[in-house]
2 protein chains.
Amino acid sequence: MLHVSQRAHYGLRAMTELAKAYGNGCLSLVEIAEVEHLSAGYLEQLAMPLRRAGLIEGTRGPHGGYSLSKPPAELTVGEVIRALEGPVAPVECLTDEYVQGSCIREPGCGSRVVWRRVQQSIDQVLDSLTLADLCATAARGEVAFIPIGDIKPIGELGRNSGTVRCAVTR
Amino acid sequence: MLHVSQRAHYGLRAMTELAKAYGNGCLSLVEIAEVEHLSAGYLEQLAMPLRRAGLIEGTRGPHGGYSLSKPPAELTVGEVIRALEGPVAPVECLTDEYVQGSCIREPGCGSRVVWRRVQQSIDQVLDSLTLADLCATAARGEVAFIPIGDIKPIGELGRNSGTVRCAVTR
DNA sequence: ATATAACCTACTTAACGACTAGGTTATTCG
DNA sequence: CGAATAACCTAGTCGTTAAGTAGGTTATAT
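Below is a summary of the structure that appears in this document. Only a predicted model underlies this, so the values are computations on that prediction, with no experimental measurement involved. (Residues numbered from 1 in each chain as written. Chains lettered and ligands numbered in written order. Predicted model: local features only at pLDDT ≥ 70, side-chain atom pairs only at ≥ 80, totals over all residues. Heavy atoms only, no water.)

### Notes on the overall build of chain A
The helix and strand inventory of chain A stands at six helices and two strands. Overall, chain A shows an N-to-C arrangement of helices and strands of α-α-α-β-β-α-α-α. For chain A, the residues scored as buried account for 52% of the 170 residues in total. Expressed as a percentage of contacts within chain A between residues at least 6 apart in sequence, the contacts between residues at least 24 apart total 66%. If you sum the accessible surface of chain A, you get close to 8000 Å²; carbon and sulfur atoms cover 54% of it. (Helix = DSSP H or I, 4+ residues; strand = E, 2+ residues; numbered from the N terminus. Buried < 20%, exposed > 50% of the residue type's maximum accessible area, 1.4 Å probe, protein only. Contact = heavy atoms within 4.5 Å. Areas by Shrake-Rupley, 256 points an atom, 1.4 Å probe, with all protein chains shown as cover.)

This is the structure in structure tokens:
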């Protein structure tokens, strides 16, 4: 469990397409939808918050479309996800809107600290990856499917590679 | 976003209660429900998978209830969550059931590697905390609310503390 | 024998995610 | 100019699922 929404998933894929095309004009939603096998109508819904967050720019009319407003290397996955879904917050008492004391179970709650740490850990992963990183792995292709139990120490991927530790699991 | 279900949240709280009571007989669901302000009927639904996973044991009849089947220090949060919700898998193509190739978007998918890493990072956090850790923080009380931006390097909490890195955020 | 509490199955309901539909505005090009 | 294009915007549908209820059966202590 701990699902991420299709919204975030699709949005990230679309942003990766825009990142690939960065420097070569813009891509229309229809073009992106074709490549990524998504509904263009739905993509439109994702484009809006991304534009409002200042991550992409739209150009109207024929040969219009969207383009990244920053180089891919300066756009983190975390920015994209947060623009689409809001801040990562596994439980309600870790959202910005939460007013301290409003949860009856607050005093002596031991589990909150768990989710807080999960939250931090997710943020750290998302903020350590840029769209440029994703383009690189997508281009190479072989990284798309990582066999479970065979994760390499990160190394080349991720700009904060030094601090992110992906231990071998199971 | 990246919500965790109430199911997992409540279940973990219930398990923490059982951990506190470990060694002093068992607790009935009604007792747990009172302390944690939860519905006893709903708790019953959570008790079942926990029992089937071998994490708790039930005793019927008067003065019956549930008790942990292992000492709290040997029960990780990850075991509890996985018993309640199944394996952590942000996207479908990271579940055990996923058959490789069934996603049209699989070739050249750059985003999968992101979710894979998120998955690992979550698992690592959950597996590094035991119920005993949670009891300790709950007992101290002050840990229940960690001001954002003021997270200490882990140290005393978590048995695998050496490998888990929670960097200061923002 | 009775009360208690685990154990089990099925149902309800409200919320939400994932789209679809149908429109308006701006821009390019013939 | 006007027609085509594509962003921009709002609202509605529809299916799924989480969350919680209801109503029962079995085992055990007193």
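Resuming the write-up.
### A short note on the protein's contact with DNA strand C
Taken together, 27 residues lie near DNA strand C, and Q6(A), Q45(A), E44(B), R51(B) and Y66(B) sit nearest. Counting only the atoms of DNA strand C within 4 Å of the protein, the fraction contributed by sugar and phosphate is 67%. Here Y10(A) contributes a side-chain N or O atom positioned 3.3 Å from a phosphate oxygen of DNA strand C. Here a sugar or linking oxygen of DNA strand C sits 3.3 Å away from a polar atom, N or O, in the main chain of G61(B). Those elements that place two or more of their residues in the surface near DNA strand C are α1 (6–20) and α3 (40–52) of chain A together with α3 (40–52), β1 (56–59) and β2 (65–68) of chain B. If one sorts the elements of the surface near DNA strand C by residue count, α3(B) sits on top with five residues. Residue composition of the surface near DNA strand C, by class: seven nonpolar, 14 polar and six charged. (Near = heavy atom within 4 Å. Polar contact = N/O pair within 3.5 Å; in protein donor to acceptor, adjacent residues only side chain to side chain. Nonpolar A, V, L, I, M, F, W, Y, C, P; charged D, E, K, R; others polar.)

### A look at unusual backbone geometry
Residue and element names in this part refer to chain A. Although it is not a glycine, H37 adopts a positive phi angle of roughly 55 degrees. In this fold, H37 is placed in the loop between α2 (29–36) and α3. Using a relative accessible area of 42% as the deciding quantity, one classes H37 as partly exposed.

### What about the pattern of salt bridges?
Applying the stated rule across the entire model yields 10 salt bridges over all chains. Across the salt bridge formed by E36(A) and R13(A), the nearest N and O atoms sit 2.6 Å from each other. Here E36(A) is found in helix α2, whereas its partner R13(A) is found in helix α1, with 23 residues between them in sequence. Here E36(A) matches R13(A) in class, with each residue buried. In this structure, K20(B) and E17(B) form a salt bridge, with 3.1 Å as the shortest nitrogen-oxygen distance. In this pair, K20(B) and E17(B) are both assigned in helix α1 (residues 6–20), three residues apart and thus about one turn of the helix distant. E17(B) gets classed as buried once you look at its relative accessible area, which sits at 10%. Among the ionic contacts, a cluster of salt bridges with common partners joins R82(A), D123(A) and D127(A). (Salt bridge = Lys/Arg side-chain N within 4 Å of Asp/Glu carboxyl O.)

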